[in-house]
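Observations on chain architecture
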Amino acid sequence: MNRVVILYRIINYLYNYDPAVLFLHLCHVLFFLGVRPKLCENYENVTVEVVDCPDLTKEPFNLAAKGINGNVSILDVGDITYIRPTIQRDRAYDLRGIPKMVGDKESFIIGAGAGLWWYYGTACELMINAVVTEDNVKVPLSRTARIVKGKEKPVIDTVPDTEPGFSFMAQIHSSRGESGKVIKIHCQKRTGEKNFPVAVQDALKRSFPNSALGLGGVMMILKGRIRQHVQPEFSRSPLNTDEDEKNWLKFFEMSSPLTAIGTILTKDPGLDVRLLHFHSFSENEGGHYHNDVTPEDVEYLAYFSLAKNLYRVDRKLDKKEGLMNAWCNL
């Protein structure tokens, strides 16, 4: 008899056969037994729980909806090859198309992507944070980070509701914005080399090696400083290698508290998806998250929900095959 069956029977007995309570506590035990010890390899203090989602519209989160539950999906839109080696400016997308795609009238969407270059006149990082319908951006709290000549730090702007688009690529967590149970992960003092999303991904992969798991939500950097990049003006020469891209990007150290939003997948189910992507923001700073630079002081607090569906939109294949949209269950 395996440990999952044993745990199921024990919890079933303790909680009087209530299926909802049983499922919740089984998830709690499995995450605690599997994920927490592996995160302890990278952080000195670790807590992993299944809890009621806090109100994410309040401080310090400042998101567009209260929760991250209800028809949870991950969408991988576009492709890195639309940015490198050369920019393909025709790759533009509309967030208002997401509710219809996932089968909802209204969607709360958060994630990391490339911003509205046509609106700002330059490349920029996009922190997607909005409630959208097929007709409008109902709660417009998305932000961009961009390089402005003469400014020492990136400029942070709130995207107006008249601009529902993004460009090139994005990894998006979509839900109905409902409250409910979520996975809470609280880590302090980094002792390993992995950044927080990679550490979570690695712990999940090793705990559930036969499963393709997708989750997303909010990752707060409560203490410490982090390293982030922001895209400058589009490169005039091709970005043929990772080194070319690294030399083109502009890197900054940014101060907590910061709200990071994004997605994690434990494996590619054959759809050519990006497995990790997080952008973070505050009132004055923002960009693409890389890692903390103050391991002794850093503190992370994350709330994630598990996705049931994965959508792959506008994937670039070879020229003969053209573009592809695909979908699968997680």
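Further up the page is the structure itself.
The rules behind each value
- Residues numbered from 1 in each chain as written.
- Predicted model: local features only at pLDDT ≥ 70, side-chain atom pairs only at ≥ 80, totals over all residues.
- Heavy atoms only, no water.
- Helix = DSSP H or I, 4+ residues; strand = E, 2+ residues; numbered from the N terminus.
- Buried < 20%, exposed > 50% of the residue type's maximum accessible area, 1.4 Å probe, protein only.
- Contact = heavy atoms within 4.5 Å.
- Areas by Shrake-Rupley, 256 points an atom, 1.4 Å probe, with all protein chains shown as cover.
- Salt bridge = Lys/Arg side-chain N within 4 Å of Asp/Glu carboxyl O.
- Expected span 1.5 Å × (residues − 1).
- Polar contact = N/O pair within 3.5 Å; in protein donor to acceptor, adjacent residues only side chain to side chain.
- Core = buried A, V, L, I, M, F, W, Y, C linked by side-chain atoms within 4.5 Å.
- Pairing = 2+ DSSP bridges.
- Axes fitted to C-alpha atoms, helices over the stretch in contact; angles between N-to-C directions.
- Phe/Tyr/Trp six-rings, centres within 6.5 Å; stacked < 30°, edge-to-face > 60°.

Next up on the list: the overall build of the protein chain. Scanning the protein chain from terminus to terminus reveals six helices and 19 strands. Within the span of the protein chain, comprising 330 residues, buried residues form 53% of the whole. Sequence separation of at least 24 residues holds for 72% of the intrachain contacts in the protein chain that already meet a minimum separation of 6. Here the protein chain has roughly 15,300 Å² of accessible surface; of this, 50% comes from carbon and sulfur atoms.

Attention now goes to the pattern of salt bridges. Under the criterion given, the structure shown has 22 salt bridges. Here Arg84 ties to Glu245 by a salt bridge, and the two come within 2.9 Å at their closest N and O atoms. Here Glu245 lies in helix H6 (residues 242-248) and Arg84 lies in the loop between strand E2 (73-78) and strand E3 (92-94), a separation of 161 residues in the sequence. Both residues of the pair, Arg84 and Glu245, belong to the buried class. Connected via shared salt-bridge partners are Glu41, Asp202 and Arg206.

Under the 1.5 Å per step criterion, the end-to-end length of helix H5 (residues 196-207) is 16 Å for 12 residues, consistent within 8% with the ideal 16 Å. Burial in H5 covers these residues: Phe196, Pro197, Ala199, Val200, Gln201, Ala203, Leu204 and Ser207. For H5, the capping residue at the N-terminal end is Asn195, with a side-chain oxygen 2.9 Å from the backbone nitrogen of Val198.

This brings us to the nonpolar core. Generally speaking, a soluble globular protein has its nonpolar side chains buried in company with each other. Leu39, Phe196, Met219 and Phe304 are the most contacted members of the largest nonpolar core, which totals 51 residues. In this structure, Leu39 is in contact with Val46, Val48, Ile185, Cys187, Ala199, Val200 and Ala203, ignoring residues within four places of it in sequence. Of all hydrophobic cores here, the second largest spans 29 residues; its members include Val102, Leu116, Val137 and Phe166.

This part is about the sheet that holds strand E16 (residues 286-292). Pairing within the open sheet is antiparallel, and its nine strands lie in the order E1-E10-E17-E11-E14-E15-E16-E12-E13. The open sheet has two edge strands, strand E1 (43-52) and strand E13 (250-255), and neither has a second partner. Here the average twist between neighbouring strands, direction ignored, is 30 degrees. When E1 meets strand E10 (residues 181-190), the two strands line up antiparallel, connected through nine bridges. The partner of Glu49 across the bridge, within E10, is Lys184.

It is worth spelling out the packing of aromatic side chains at this point. Across all of its chains, the model carries 11 aromatic pairs by this definition. Between Trp117 and Trp118, the aromatic rings sit 5.9 Å apart at their centres with planes inclined by 80 degrees, giving edge-to-face as the arrangement. Here Trp118 falls in the partly exposed class, since its relative accessible area comes to 35%. Ring centres of Trp117 and Phe234 lie 6.3 Å apart, and the angle between their planes is 75 degrees; this geometry places the pair in the edge-to-face category. Separated by 117 residues along the polypeptide, Trp117 in helix H4 (residues 117-120) and Phe234 in the loop between strand E12 (225-230) and H6 bring together distant segments of the chain. Residue classification places Trp117 among the buried residues on the basis of a relative accessible area of 18%.

Relative to the elements of secondary structure, Asp314 occurs in strand E18 (residues 309-316). Sequence-wise, Asp314 and Met169 are 145 residues apart; in three dimensions their C-alpha atoms are separated by 9.1 Å. A distance of 2.6 Å separates a polar atom in the side chain of Asp314 from a polar atom in the side chain of Arg91.

Okay, the side chain of Ser175 next. With respect to the element layout, Ser175 can be found in strand E9 (residues 165-175). Of the residues examined, Ser175 reaches a relative accessible area of 0% and is grouped as buried. Side-chain polar atoms of Ser175 contact the backbone nitrogen of Gly177, separated by 3.1 Å. Excluding anything up to four places from it in sequence, Ser175 contacts Gly67, Ile68, Asn69, Gly70, Asn71, Val72, Glu106, Ser107 and Phe108.

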